[in-house]
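Read off the chains here:
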Amino acid sequence: MEITNARYVITDPSENVANLIEATIDGEVWDIPLTVGNRFYDEIMRQVDAGTLTIAEAE
Amino acid sequence: MSELKLQGGSSGSSTYIIQGGAGDTNRTFTLPNVADTTISSIRDRRPENLLINGGMNVWQRATSQASISSTSTDGYVTADRWETYNNSLGTWTQSQSTDVPSGQGFGYSLKMDCTTADASPAAGDELVIIQKIEAQNLQHLLFGTSSAKSITLSFWVKSNKTGTYIINLVRTDVSNRHISKSYTISSADTWEKKEITFDGDTTNAIANDNGRGIDFNFYLAAGSNYTSGTLATSWEALTTANRAVGQVNLADSTSNEWYMTGCQLEVGDTATDFQFEPYETVLRKCQRYFWYGEISGAATADNDYNKNYMGNSFPVTMRDTPGITRVSGALVGHGGFNADETTRVTKDSVTVGWSGSNYRDIGAAGHQILKADAEL
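Predicted, not measured: the structure shown is a model, and the values here were computed from it. (Residues numbered from 1 in each chain as written. Chains lettered and ligands numbered in written order. Predicted model: local features only at pLDDT ≥ 70, side-chain atom pairs only at ≥ 80, totals over all residues. Heavy atoms only, no water.)

Colleague: Which residues make up the side chain of T321(B), and what values do they have?
Modeller: Tracing the sequence through the fold places T321(B) in the loop between β16 (308-313) and β17 (323-332). Not counting chain neighbours up to four residues away, the residues in contact with T321(B) comprise P33(A), T35(A), N38(A), V345(B), T346(B) and K347(B). (Helix = DSSP H or I, 4+ residues; strand = E, 2+ residues; numbered from the N terminus. Contact = heavy atoms within 4.5 Å.)

Rendered as structure tokens:
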């Protein structure tokens, strides 16, 4: 699974807390819930822990 | 209660005929060669296939995917619930095929076609077709107890490449335990039905949750990291070298093809006939893990006309909160819209927000094609 351009997204500005990660996965842009057990989220966190991926802060 | 005794054959199942009345046809029923079987117990004993889409009915993503060459191009690419893992072992086209075993009732098979060969795999290379079964659907196997039940896998397979193939089961939910069994493709280019029984695992229960219970790995090729040990024919702690010992290299020629259909996993040590299900039943089962569909909505008044929403409920509750990707869409109205973000997603529904430019956008309609992925 090739993951690039990962960044946190705030979908409800009133909360000001990121609740998704947007990332390009194998060439498609996905919105990923911050849910352990979602295979994309788990892989993103695995790559972050391995130091091979960085998630940009929300804009 | 009266009792009627019928004499059965000396072995195998027995078929009985109830003669029809005048102008009516005969009725037949068959009893299996199992002690104490009653007709009522047969009625209650509906075979349960623990695999989903074993008949290769549902293809929501695509019916063909070329250039599967690495872990960046593999994954869930065609038939629902069937994942491909290709760690640099040849290049493949996976597709829906109408080449099926004759007279069995299947419409499609899953085909793997080698387009770039790899006759000398590196040690860590492997090519596997996988189905991961949700843990909470396996509780009745009683794994982790002395009453752990055997499970039997049956499937139809065909390849020009004869020889030994490996099926490796891995339990990732508790402590990475595994077991492997081999099967042999005996005749080139001929459909063969295989039946393989795996013992129950008396060590460690399967977690009762929505995570991975057992991964079924159909090996097609593997490097020495997976073949250099002794095949794990009993459950043991996961030992990579024992996973695929003896596996042929299906990737050694671009002439190689491999087909599979009619996959069924049942509790017990006996394979029964494949349980055919209506398409919509299989589709709904698949949609718990992946949904490819459309949402629609209309722009409504907003304080500054710059944010509107459309959403839909998923047809079934998904396994977990899915990832969302927007495939395509159109917005019909006075223009100025951009579907720009997933604003809310749960296991049951998704909402997408889009931006308008001014009051003229109110009432504009839009739709989006989405993919929602909650695969294991």
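Colleague: Mind laying out helix α1 (residues 39-49) of chain A, listing which residues take part and the relevant values?
Modeller: Residue and element names in this part refer to chain A. Listing the buried residues of α1 in full gives R39, F40, Y41, E43, I44 and Q47. Among the residues of α1, the N-terminal cap falls to N38, whose side-chain oxygen and the backbone nitrogen of F40 are separated by 2.9 Å. Just downstream of α1 lies G51, where phi reads positive at about 80 degrees. (Buried < 20%, exposed > 50% of the residue type's maximum accessible area, 1.4 Å probe, protein only. Polar contact = N/O pair within 3.5 Å; in protein donor to acceptor, adjacent residues only side chain to side chain.)

Colleague: Could you give an account of the nonpolar core, naming the residues involved and the relevant values?
Modeller: Among the nonpolar cores identified, the biggest contains 47 residues, and F155(B), I167(B), F216(B), F218(B) and W258(B) are the most heavily contacted of them. Elements supplying a minimum of two residues to this core: β6 (109-116), β7 (126-134), β8 (151-159), β9 (163-171), β10 (177-185), β11 (192-198), β12 (212-222) and β14 (257-267) of chain B. Looking at this core, the element that brings in the most residues is β12(B), giving five residues. In contact with F155(B), not counting residues within four places along its chain, are I167(B), Y183(B), E192(B), K193(B), K194(B), I196(B), F218(B), M260(B), T261(B), G262(B) and C263(B). L20(A), M310(B), L370(B) and A372(B) belong to the second-largest nonpolar core, a separate cluster that totals 14 residues. (Core = buried A, V, L, I, M, F, W, Y, C linked by side-chain atoms within 4.5 Å.)

Colleague: With reference to specific residues and values, describe the sheet that holds strand β13 (residues 236-237) of chain B.
Modeller: Residue and element names in this part refer to chain B. Reading across the sheet, the six strands line up as β4-β7-β12-β9-β10-β13 and stay open at both edges, with antiparallel pairing between neighbours. With one partner strand each, in any of the chains shown, β4 (83-87) and β13 form the two edges of the open sheet. In this structure, β10 lies alongside β13, joined through two bridges in antiparallel fashion. The partner of H178 across the bridge, within β13, is E236. (Pairing = 2+ DSSP bridges.)

Colleague: Tell me what's going on with the pattern of salt bridges, and back it up with residues and numbers.
Modeller: Residues and elements named next belong to chain B. For the structure shown, the criterion picks out 17 salt bridges over all chains. Residue K132 is joined to E83 by a salt bridge in which the shortest nitrogen-to-oxygen separation is 2.9 Å. With a gap of 49 residues between them, K132 in strand β7 and E83 in strand β4 connect regions that are remote in the sequence. Since its relative accessible area comes to 11%, E83 is described here as buried. R212 is the salt-bridge partner of D215, the closest N and O atoms lying 2.4 Å from each other. (Salt bridge = Lys/Arg side-chain N within 4 Å of Asp/Glu carboxyl O.)

Colleague: Kindly report on helix α2 (residues 279-287) of chain B, identifying the contributing residues and their values.
Modeller: Residue and element names in this part refer to chain B. Along α2, the residues classified as buried are V282, L283, C286 and Q287. Projected down its long axis, α2 carries its buried residues within an arc of 135 degrees, all on one side. Where α2 is buried, its residues meet β15 (290-298). (Arc of directions from axis to C-beta.)

Colleague: Which residues make up the sheet that holds strand β5 (residues 91-97) of chain B, and what values go with them?
Modeller: Residue and element names in this part refer to chain B. Sheet architecture is open: six strands sit in the order β3-β5-β6-β14-β8-β11, paired in antiparallel fashion. Both outer strands of the open sheet, β3 (64-68) and β11, are each paired with one neighbouring strand and no more. On average, each strand axis in the sheet is tilted by 25 degrees relative to the strand beside it, whichever way the strands run. Bridge count between β8 and β11: seven bridges; the pairing is antiparallel. Paired with L153 across the bridge in β11 is I196. (Axes fitted to C-alpha atoms, helices over the stretch in contact; angles between N-to-C directions.)

As far as function goes, none of this settles anything; it's purely spatial.
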